[in-house]
Amino acid sequence: MTTKQCPQCGTEFIGRANKVYCSTKCKMDAFYSSNENIINRFEDFAETDNKALDTKETDKQNMVIVPVPFTIEEKELLEYAAKDCKTVLPKLVRIRSLMDETDIKTFQQTIQEQKQEIEELRIRIGFYQGNANGFETDKRFNKNGLFIKLSNHQLKFLTEKYLESLDFDSPDSGEFLPDGSSTSNEREALEFHEQDKPGYILTRMENAMFCGFISNIEENLMEHCGYTEEEIMENPLADEFN
């Protein structure tokens, strides 16, 4: 709910983000003023072929009556609204229907635009969720980035397999955790850090994928492009990249 100013009467009011006018009366007045053809069909006389024609009578002949049932309470509320707008009930129902149709089209367009924005945000969050350093996230978000498009199911699958591949005790390695304990199981260590810093596992996966990519390039350079192992060892691609 926000404070707004009615563009029709200038009154300040509190309403939803998509509410423009302070009352039905102001909404209908604005609709009347921007749709003179509708007003003329109901209230004015037009001259055609030098003959004065009663627009109201002409419209009545061309109109199709659609019966709409209302409860007594609903009818009383509509009659009160019609009186407030200085019109009659049939005209109120008709104009409000036209206005609602216009609103629906406007809302549909807004919804479509918001869906596109949500999709873009969903993709961004998929890459950057859980990054504790906001400045680091800003630096990473640029047009020169390399991204892998994954569905939620694919990301979940890779995460599970990545953790499964590290779920073993390594006697030659160990890690002391912030709580004072230690573990030689890398999966346990990753899951512990994930609880403290959500997104930690995703960051480790990104690093592992990048290291694998660099390693694959180095292997191809040595096997097919004339590079020696000594050259790669002396000048690792990862170091040059950094």
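Residues numbered from 1 in each chain as written. Predicted model: local features only at pLDDT ≥ 70, side-chain atom pairs only at ≥ 80, totals over all residues. Heavy atoms only, no water.

Student: How would you summarise a nonpolar patch on the surface if you had to cite specific residues and measurements?
Tutor: A cluster of nonpolar residues, Ile-148, Leu-150, Phe-157, Leu-158 and Met-209, forms a patch on the protein surface that exposes about 430 Å² of accessible area. Locating Met-209 in the fold gives a position in helix 9 (residues 200–224). Classification of Met-209 as partly exposed rests on a relative accessible area of 42%. (Patch = residues over 30% accessible without salt bridge, like charges linked within 9 Å, V, L, I, M, F, W, Y side chains within 5 Å. Areas by Shrake-Rupley, 256 points an atom, 1.4 Å probe, with all protein chains shown as cover. Salt bridge = Lys/Arg side-chain N within 4 Å of Asp/Glu carboxyl O. Helix = DSSP H or I, 4+ residues; strand = E, 2+ residues; numbered from the N terminus. Buried < 20%, exposed > 50% of the residue type's maximum accessible area, 1.4 Å probe, protein only.)

Student: With reference to specific residues and values, describe the nonpolar core.
Tutor: Counting residues in each nonpolar core, the largest one holds six residues, listed as Tyr-162, Leu-163, Leu-166, Leu-190, Ile-201 and Met-205. Listing elements by their share of this core, those giving two or more residues are helix 7 (152–165) and helix 9. Sequence-distant contacts of Ile-201, that is, excluding residues within four places in its chain, are made with Thr-159, Tyr-162, Leu-163, Leu-190, Glu-191 and Glu-194. Grouped together as the second largest cluster of nonpolar side chains are five residues, Leu-78, Ala-81, Ala-82 and Cys-85 included. (Core = buried A, V, L, I, M, F, W, Y, C linked by side-chain atoms within 4.5 Å. Contact = heavy atoms within 4.5 Å.)

Student: A description of the packing of helix 7 against helix 8 (residues 186–196) should follow, citing residues and the corresponding values.
Tutor: The interhelical angle for the contact between helix 7 and helix 8, taken along N-to-C directions, is 130°, at an axis separation of 8 Å. As far as their axial angle goes, helix 8 and helix 7 are oblique. Contacts between helix 7 and helix 8 pair Tyr-162, Leu-163 and Glu-164 from the former with Arg-187, Leu-190 and Glu-191 from the latter. Among the residues making up the contact of helix 7 with helix 8, the classes are represented as three nonpolar, no polar and three charged. (Axes fitted to C-alpha atoms, helices over the stretch in contact; angles between N-to-C directions. Parallel < 35°, antiparallel > 145°, perpendicular 65-115°, else oblique. Nonpolar A, V, L, I, M, F, W, Y, C, P; charged D, E, K, R; others polar.)

Student: Residue-level account of helix 9, with values.
Tutor: The periodicity of an α-helix, 3.6 residues per turn, causes residues three or four positions apart to be oriented the same way. For helix 9, built from 25 residues, the straight-helix expectation of 36 Å at 1.5 Å per residue is met to within 8% by its first-to-last C-alpha distance of 36 Å. Turning to helix 9, its buried residues are Ile-201, Leu-202, Met-205, Ile-214, Glu-218 and Leu-221. Looking one or two residues beyond helix 9, the residue adopting positive phi is Gly-226, at roughly 85°. (Expected span 1.5 Å × (residues − 1).)

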